[in-house]
Number of protein chains: 2
Amino acid sequence: MTKEIYENPDLKKERQNCPFNKEEITNFLDGGKEKTTERRQLETYILSDEQLKDAVPMEYLSHADKYAEELRKSCLLMHKLADSPAGQVQTLRALMGAGLGSAILKEGNPIALHYVMFIPALMGQGTVEQQAKWLEKAYNLNIIGTYAQTELGHGTFLRGLETKATYDPVTKEFVLESPSLTAYKWWPGSLGKTANYAVVMAQLYTKGKCEGIHPFMVQLRDEETHEPLPGILVGEIGPKLGMNTNDNGYLGFDKVRIPREQLLMKHSQVLEDGTYVKPTNSKLSYGTMVFVRVVVCQDVTVNLRKAVTIATRYSCVRRQSELKPGDREPQVMDYQAQQHKLLPPLAATFGFQLAADHLWNLYNTANNSMEQGDMELLPDLHGLSCALKALCSSEAANFVETCRQSCGGHGYMSCSNFPRIYGQVTAAITYEGENTVLWLQVARYLVKTRKEKSGGLSVKYLIDEEKGPRTVDTTPEGIVKLYRRVAVGLVDIAIAELENNSRKGYAPHDAWNHAAVHLIKAAQAHARLFVVESFVDSLKGSRLSAPVRAILSQLCELFIIYWILDRSGDFFLCANLKKEDLLQLNSKYVQLLAAIRPQAVNIVDSFDLRDEILGSPLGCWDGNVYQRLFDEAAKSPLNQKNVHESFHKYLKPLLKSNL
Amino acid sequence: MTKEIYENPDLKKERQNCPFNKEEITNFLDGGKEKTTERRQLETYILSDEQLKDAVPMEYLSHADKYAEELRKSCLLMHKLADSPAGQVQTLRALMGAGLGSAILKEGNPIALHYVMFIPALMGQGTVEQQAKWLEKAYNLNIIGTYAQTELGHGTFLRGLETKATYDPVTKEFVLESPSLTAYKWWPGSLGKTANYAVVMAQLYTKGKCEGIHPFMVQLRDEETHEPLPGILVGEIGPKLGMNTNDNGYLGFDKVRIPREQLLMKHSQVLEDGTYVKPTNSKLSYGTMVFVRVVVCQDVTVNLRKAVTIATRYSCVRRQSELKPGDREPQVMDYQAQQHKLLPPLAATFGFQLAADHLWNLYNTANNSMEQGDMELLPDLHGLSCALKALCSSEAANFVETCRQSCGGHGYMSCSNFPRIYGQVTAAITYEGENTVLWLQVARYLVKTRKEKSGGLSVKYLIDEEKGPRTVDTTPEGIVKLYRRVAVGLVDIAIAELENNSRKGYAPHDAWNHAAVHLIKAAQAHARLFVVESFVDSLKGSRLSAPVRAILSQLCELFIIYWILDRSGDFFLCANLKKEDLLQLNSKYVQLLAAIRPQAVNIVDSFDLRDEILGSPLGCWDGNVYQRLFDEAAKSPLNQKNVHESFHKYLKPLLKSNL
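Residues numbered from 1 in each chain as written. Chains lettered and ligands numbered in written order. Predicted model: local features only at pLDDT ≥ 70, side-chain atom pairs only at ≥ 80, totals over all residues. Heavy atoms only, no water.

As named in an unreviewed UniProt entry, chain A is Acyl-coenzyme A oxidase, taken from Daphnia sinensis. According to its UniProt record, chain A has this under Sequence similarities (unreviewed entry): "Belongs to the acyl-CoA oxidase family." UniProt, in its Subcellular location (unreviewed entry) section for chain A, records the words "Peroxisome". (UniProt positions renumbered as here; feature names shortened; annotations may be inferred.)

The structure is reproduced here in structure tokens:
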């Protein structure tokens, strides 16, 4: 006799008569049937390990205990990966991509930076000899490293970094120094208590001259005792909104001497006598940045998918208020207001992923010509990656919060997993290029292209402006044209503002700064155009069955209309939108909400996110929401006894004191 | 010799030559000179007590230890208030209003609901005899109560609540029962471990008939041992996004018998034989709801003020990137992009407070006629309070996040206090009426008014629509007219949608549901109109010196233009806005950013928020940001030793294992 598996009757009903093959969407998102199989195997391998589960939910632990517990699981995971069939690094990459990592290391992996930044920095910046010296130790986890760039007083602006590495030709050493409090490294993950090595970015001084920021390999802690080496001032920076066991740290140098050979010299060198040898090609690091930003987009999209899955399933289980007087309370998902909250983010998860895939394909295609030394495509790809990272992170963060709020009070509970998902997604607004800084970089590229009539593929529309009648056409292709007109129009408004500021007598940098509000809007419109265009084109180009194509096309249309309605002013201003057009789009929008509503659960099911990865009683596949919420509460240490000791200490004396 | 007080030189410069009297703004916000004096005395009385300070910051503690520590301080605070010159309840109200409470009880006051809900419920719902029995004990804190309404499966919709109280005429008792898991009370603050009494809302059954939701006084725990009484199933619900020591709990009843006299019978009664006596006036509870929602608006505004103060001061201390090539890194506040982030929320703090004050004044004026039995004004005030609560909470939450993100990585740290402020503000989106539910209630009132040409003072504009030329006038008064046109226009669009749905053959409730997106937009426009109008009118009507009036008028203008730019589509659609108008408003907006920028620090100084209340190294008056961040990190238990014990347990074996 097999045990019957519970399934909430409302969810069961939602799943009946699904008109499309969910597995086809799963494969589409995974990038193919085999990828789905591999992912599932890996998930089973990792998630079936009892040792990797939390005895008590993280949020009940003290800060220090959280760190210790995540370090335990992280070390165990490393052992497990070494033994895994697929091999360590590849498995680790897969782990990140699938959101599986955060299912195990919920509060952040204290060893993550070792793989994400330390090893890549060594590979990208170290000579062959340097790699030979450290890379194997790093792969074997005999040393654990991090990457230390940001300082207490300095973030995005590299030239502002204060940490100094001064070459001493007498001893053939660099002397590392933090000349002030603001020069302390601050924020690097893994740095606080975990790493014993770091690639440190510092201003290189030799022969009395500053040659700018360079990477240095620095040992931080004794390999045996883990005690900080002399002159190394290291510690953790304290709790954060999220990712509390990433072990972010600070690091100061009090005249720490390292051998000359610890400058990572793949690109520039300092010779024994102190002569500085310049790098031959400064554009090389762009490639890594494009890669990292694509990963950020994928990461926030996976997180958004989790949030949407949780909120959608919960909204079909939860019944609330009344629609028809006297009827049973309806599923919350049946309210148009709820569909308006959840279906746009649901659609966005496809739009963001397809845009990130598109960028990644462009990058890989370009890589071929780059390997032959042709770097011309890079600035365009770089601009696109900045735009997409800024857009996906900020929109995903807002959408995650909308999903949380759509679950009412229960979304506010830690166990819903929304607070943690938000903590991770919103961090992406700041890291790997703060969004406002990125927007302004993108804007600079757009303005330059528009004025000089020359630029890369992604900004071609600013040069070859479309001619023809400027009527409004509400087919998807017609809507893409509207976005294009808005993107052009907002660049032109920004340029007009720049010229206006110049006429007022502002110096160029002041004219630029005083046009920032307009420049940012223009950059955002450019990014939106890329997402909308990628979404529409990807569906056209893909081999999908008719039923899957039908639902994805509806989601696409919903999404691209949603963004117009959300910022219709731009379309009035730049795309000749008329009141009648807007009202027509409005009614198309609400029709699409109603059309997609019945498939909402089936679509999120097709994300194939295991309960352990969702990590939320609200979002589990079986919809057994209330029992699971209760079971979660039962884990509270405060519920282990009826009366907490603090009653006797504090409350009883108060009750008896007759105030 | 007096010790010299450090002041960051950039902040010092910001404070030079302030053109207005900061104290005048402080008094204006406090509601008069004496109020400022009282507030400062209370702050000194409370904040100077060493016992009320945290030994270790809350965020390092485990969940249970946080609760115990906040309970300790809460009990101490109660003793202190009893001894305070101003007297307990009044002092407590003042404490809440000033944000002082959350400076002491950062994670939430486990005794708060006793004052905020339990005592008011007793006063509002209990007969004179019932008050005599319990009120003194409650005031003296011999008992600690809470208010239990929400259930695990039921929130906003009162009729959906499941908890049953069935009258047994034989024993003259009510029998309380939770007929299912979803019937468990879930969420009430103070309920988990602290309260020993509760006002419980339950469906009253007598003579076989359900008479709807009624309040019952229920003892939960033994007054001596604090053990739950027989049949009472009580515990805490677990950690949340914020307010983790509010002690939110669950509560189930397994046939708990209470005497008939524990039905709170001020409004309706059950006689000994089980006869139910209806309440005479069902509108009475509206008044409390108006009051509570005004308090919510004030609370989120105070929190927003904290966030803006922290971000503004930090942005004037922080130097980043470059504007003019070769120059020193500029203050972040000098970037237009940063001004665009911070000055609208700065202005909003005034707009929200003035609107809440305005509503409060309307309510108090109306109270006179209500005391004479005239309840006609209540529905209008109720609608306005719903609208204002929904608007202030959602906008303030977004603004707080903008402030946090404007501080880059450092805003992500717990010690910045942004995460906690956000946790409190965003909760207000859900409690005291979930915002979407409130918007739809407001919309119902607007649609009714517009269609029936009859309604209260706040919706008069929907009846007596303004005539005259529909040109765009960008004076503040002209802008208010634009908001009015948008409010009218969006109601009309919603009504058209309703009628369209009816024509399609939808039943009324379906027609309503399928117009929800439009209805919500209309309600939001109504709320915005009220804030904008209150802001403009309050400044006109107030006795302010010319310099203070000048800066507040600039803030007002900035704010009302900001909202137009943010949702210009509505103004194109409904207010006849032309492209030229928008471009003109755009340039006025950026001029105002530049004009207000030099006074930003002086304005936040005038909020007069003590460092202890801000609770953030980023926002302290002296601007000693980096030293304070360092000092905060030094408090981390992980920094008390160079090597954490987890190294030996987990990391060292990994390093030595040669994976």
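K.L.:
Got a minute to help me understand the overall build of chain A in this structure?
P.N.:
Each helix and strand counted, chain A has 23 helices and 11 strands in total. Since a compact globule built from 659 residues should have a radius of gyration of about 26 Å, the 27 Å found for chain A is in line with a globular shape. Based on the C-alpha atoms only, the size of chain A along its principal axes is roughly 90 × 75 × 65 Å. Going through the 659 residues of chain A one by one, you find that 62% of them count as buried. (Helix = DSSP H or I, 4+ residues; strand = E, 2+ residues; numbered from the N terminus. Rg over C-alpha atoms; globule rule 2.2 N^0.38 Å. Buried < 20%, exposed > 50% of the residue type's maximum accessible area, 1.4 Å probe, protein only.)

K.L.:
When you look at the UniProt feature "active site" (unreviewed entry) in chain A in this model, what are you seeing that I'm missing?
P.N.:
Residue and element names in this part refer to chain A. Residues annotated in UniProt with the feature "active site" (unreviewed entry) correspond here to E432. Here E432 shows up in the loop between α12 (418–427) and α13 (435–452). When its relative accessible area of 29% is taken as the criterion, E432 is described as partly exposed. Setting aside chain neighbours within four positions, we find E432 in contact with M117, V292, R293, V296, K389 and L438. (Contact = heavy atoms within 4.5 Å.)

K.L.:
Honestly, the relation of the copies chain B and chain A in this entry has me stumped. Any pointers?
P.N.:
Both copies of the chain are tied together by a single rotation about an axis and a shift running along it. Note on the copies: chain B fits chain A at an RMSD of 0.1 Å, the axial shift is 0.0 Å, and the rotation between them is 180 degrees. Interpreted geometrically, this transformation is the action of a two-fold axis. A shared interface surface links the copies, since 100% of the contact residues of chain B are contact residues in chain A too. (Least-squares fit on C-alpha atoms with pLDDT ≥ 70 in both.)

K.L.:
Help me out: how do you make sense of the interface of chain B and chain A in this one?
P.N.:
A common way to state how big an interface is: give the accessible area lost once the parts meet. Listed per partner, the contact involves 132 residues of chain B and 132 residues of chain A. For the pair chain B and chain A, the summed buried area comes to about 11,900 Å², and 62% of that belongs to carbon and sulfur atoms. Of all residues in chain B, Y412(B), F630(B) and L659(B) bury the most surface against chain A, accounting for 7% of the area lost on that side. At the boundary of chain B with chain A, the tally comes to 8 salt bridges. For the salt bridge of E322(B) with R159(A), the shortest nitrogen-to-oxygen distance reads 3.2 Å. (Buried area = accessible area lost by both parts, 1.4 Å probe. Salt bridge = Lys/Arg side-chain N within 4 Å of Asp/Glu carboxyl O.)

K.L.:
Even after reading the chapter, I still don't get the packing of aromatic side chains, so can you show me in this structure?
P.N.:
Across all of its chains, the model carries 38 aromatic pairs over all chains by this definition. Arranged with centres 6.1 Å apart and planes meeting at 85 degrees, the rings of F352(B) and F559(B) form a pair that is edge-to-face. With a gap of 207 residues between them, F352(B) in helix α10 (residues 336–371) and F559(B) in helix α17 (residues 546–566) connect regions that are remote in the sequence. By relative accessible area, F352(B) is classed as buried at 0%. The exposure class of F559(B) is buried, given its relative accessible area of 0%. Among the aromatic residues, those joined into a cluster by ring pairs are Y184(A), W186(A), Y250(A) and F630(B). One residue, R305(B), lies across the ring of F607(B), its end atom 5.5 Å from the ring centre. Over the aromatic face of W512(B) sits the side chain of R444(B), whose NZ or CZ is 4.0 Å from the ring centroid. (Phe/Tyr/Trp six-rings, centres within 6.5 Å; stacked < 30°, edge-to-face > 60°. Lys NZ or Arg CZ within 6 Å of the ring centre and 35° of its normal.)

K.L.:
What exactly am I supposed to notice about unusual backbone geometry here?
P.N.:
Backbone phi values are negative for most residues with the exception of glycine, while trans is the configuration of most peptide bonds. One non-glycine residue, S321(A), lies in positive phi territory at about 60 degrees. Within the secondary structure layout, S321(A) lies in the loop between α9 (284–317) and α10 (336–371). Classification of S321(A) by relative accessible area gives buried; the value is 16%. Positive phi values are uncommon outside glycine, yet E432(B) reaches one of about 50 degrees.

K.L.:
What exactly am I supposed to notice about the sheet that holds strand β8 (residues 249–253) of chain B here?
P.N.:
Residues and elements named next belong to chain B. Strand order in this open sheet of 3 strands is β4-β8-β7, and the pairing throughout is antiparallel. At either margin of the open sheet sits one strand with a lone partner, and together these are β4 (185–186) and β7 (232–236). Where β4 lies against β8, 2 bridges are found, and the strand directions are antiparallel. Note that in β8 the partner of W186 across the bridge is Y250. (Pairing = 2+ DSSP bridges.)

K.L.:
Looking at this model, I keep getting lost on the confidence of the model for chain A. Mind explaining?
P.N.:
Low-pLDDT portions of the prediction should not be read for the details of their coordinates. Counting all residues, the mean pLDDT for chain A is 93, and 96% of those residues have values of 70 or more. Our summary of model confidence lists the complex with pTM equal to 0.97 and ipTM equal to 0.97. (pLDDT = per-residue confidence, 0-100.)

K.L.:
How should the nonpolar core be read in this particular structure?
P.N.:
Note that soluble globular proteins tend to have their nonpolar side chains buried in a common cluster. Judged by nonpolar contacts, the single largest core of 318 residues is most densely connected at W186(A) and W186(B). Leaving out residues up to four positions away in the same chain, W186(B) has contacts with H410(A), M413(A), L629(A), F630(A), A633(A), T150(B), E151(B), L152(B), I237(B), G249(B) and Y250(B). (Core = buried A, V, L, I, M, F, W, Y, C linked by side-chain atoms within 4.5 Å.)

K.L.:
How do you make sense of the side chain of R528(A) when you look at a structure like this?
P.N.:
All names here are of chain A. Locating R528 in the fold gives a position in helix α16 (residues 516–541). The exposure class assigned to R528 is buried, which follows from its relative accessible area of 6%. A distance of 3.3 Å separates the side chain of R528 from the side chain of E395, its partner in a polar contact. Beyond its immediate chain neighbours, meaning those up to four positions away, R528 contacts L391, E395, Y483, W563 and R567. (Polar contact = N/O pair within 3.5 Å; in protein donor to acceptor, adjacent residues only side chain to side chain.)

K.L.:
Hey, could you run me through the packing of α10(B) against helix α16 (residues 516–541) of chain B in this one?
P.N.:
Residues and elements named next belong to chain B. Two elements in contact, α10 and α16, have axes separated by 8 Å at closest approach and are oriented at 90 degrees. Judged on the interaxial angle alone, α16 and α10 are roughly perpendicular. Of the residues in α16, those in contact with A347, F350, G351, F352, L354, A355, H358, L359 and L362 of α10 are F530, V531, S534, F535, S538 and L539. (Axes fitted to C-alpha atoms, helices over the stretch in contact; angles between N-to-C directions. Parallel < 35°, antiparallel > 145°, perpendicular 65-115°, else oblique.)

K.L.:
What is the right way to look at the pattern of salt bridges in this model?
P.N.:
One side chain can pair with another of opposite charge once the charged atoms of both are near each other. Residues and elements named next belong to chain A. Under the criterion given, the structure shown has 89 salt bridges over all chains. R72 serves as the salt-bridge partner of E69, at 2.9 Å between the closest nitrogen and oxygen. Placement of the pair is E69 and R72 together in helix α4 (residues 63–82), with a separation of 3 residues, close to one helical turn. Residue R72 is classed as buried on the basis of its relative accessible area of 16%. Three or more residues joined by partner-sharing salt bridges are found here, namely E23, D30, R39, R40, E43 and D608.

K.L.:
Help me understand the sheet that holds strand β4 (residues 185–186) of chain A, please; the structure alone is not making it clear to me.
P.N.:
The pairing of strands in a sheet happens through backbone hydrogen bonds and is either parallel or antiparallel. Residues and elements named next belong to chain A. The 3 strands are arranged β4-β8-β7 in an open sheet whose pairing can be described as antiparallel. Single-partner strands in this sheet number two, and they are β4 and β7 (232–236). Pairing geometry for β7 and strand β8 (residues 249–253), over 5 bridges, is antiparallel. Its bridge partner lying in β8, I232 is registered against F253.

K.L.:
Quick question: what am I supposed to make of helix α3 (residues 33–47) of chain A here?
P.N.:
Since there are 3.6 residues in each turn of an α-helix, residues three or four apart along the chain are aligned in direction. Residue and element names in this part refer to chain A. Here α3 spans 21 Å end to end across 15 residues, near enough to the 21 Å set by a 1.5 Å rise per residue. Residues of α3 that are buried include every one of T36, R39, L42, E43, I46 and L47, and no others. Considered in projection along α3, the buried side chains sweep an arc of 130 degrees and stay on one side of the axis. Pointing more than 90 degrees away from the buried face of α3 are the exposed residues K33, E34 and Q41. (Expected span 1.5 Å × (residues − 1). Arc of directions from axis to C-beta.)

K.L.:
I'm lost on helix α7 (residues 112–125) of chain B in this one. Help?
P.N.:
Taking 1.5 Å as the rise per residue, α7(B) with 14 residues should run 20 Å; its terminal C-alpha atoms sit 19 Å apart, in good agreement. Of the residues making up α7(B), those classed as buried are A112(B), L113(B), H114(B), Y115(B), F118(B), I119(B), A121(B) and L122(B).

K.L.:
So what exactly am I meant to see when it comes to the environment of G408(B) here?
P.N.:
Residue and element names in this part refer to chain B. Summarising the element assignment, G408 is placed in the loop between α11 (378–406) and α12 (418–427). A relative accessible area of 16% places G408 in the buried class. The spacing of G408 and K278 is 130 residues in sequence and 58 Å in space, taken between C-alpha atoms.

K.L.:
Any chance you could explain the pairing of β8(A) here in plain terms?
P.N.:
Residues in a regular strand project their side chains so that they alternate between the two faces of the sheet. Of all 5 residues in β8(A), 5 are buried; the element is thus mostly enclosed. Side-chain alternation along β8(A) places G249(A), L251(A) and F253(A) on one buried face and Y250(A) and G252(A) on a second face that is also buried.

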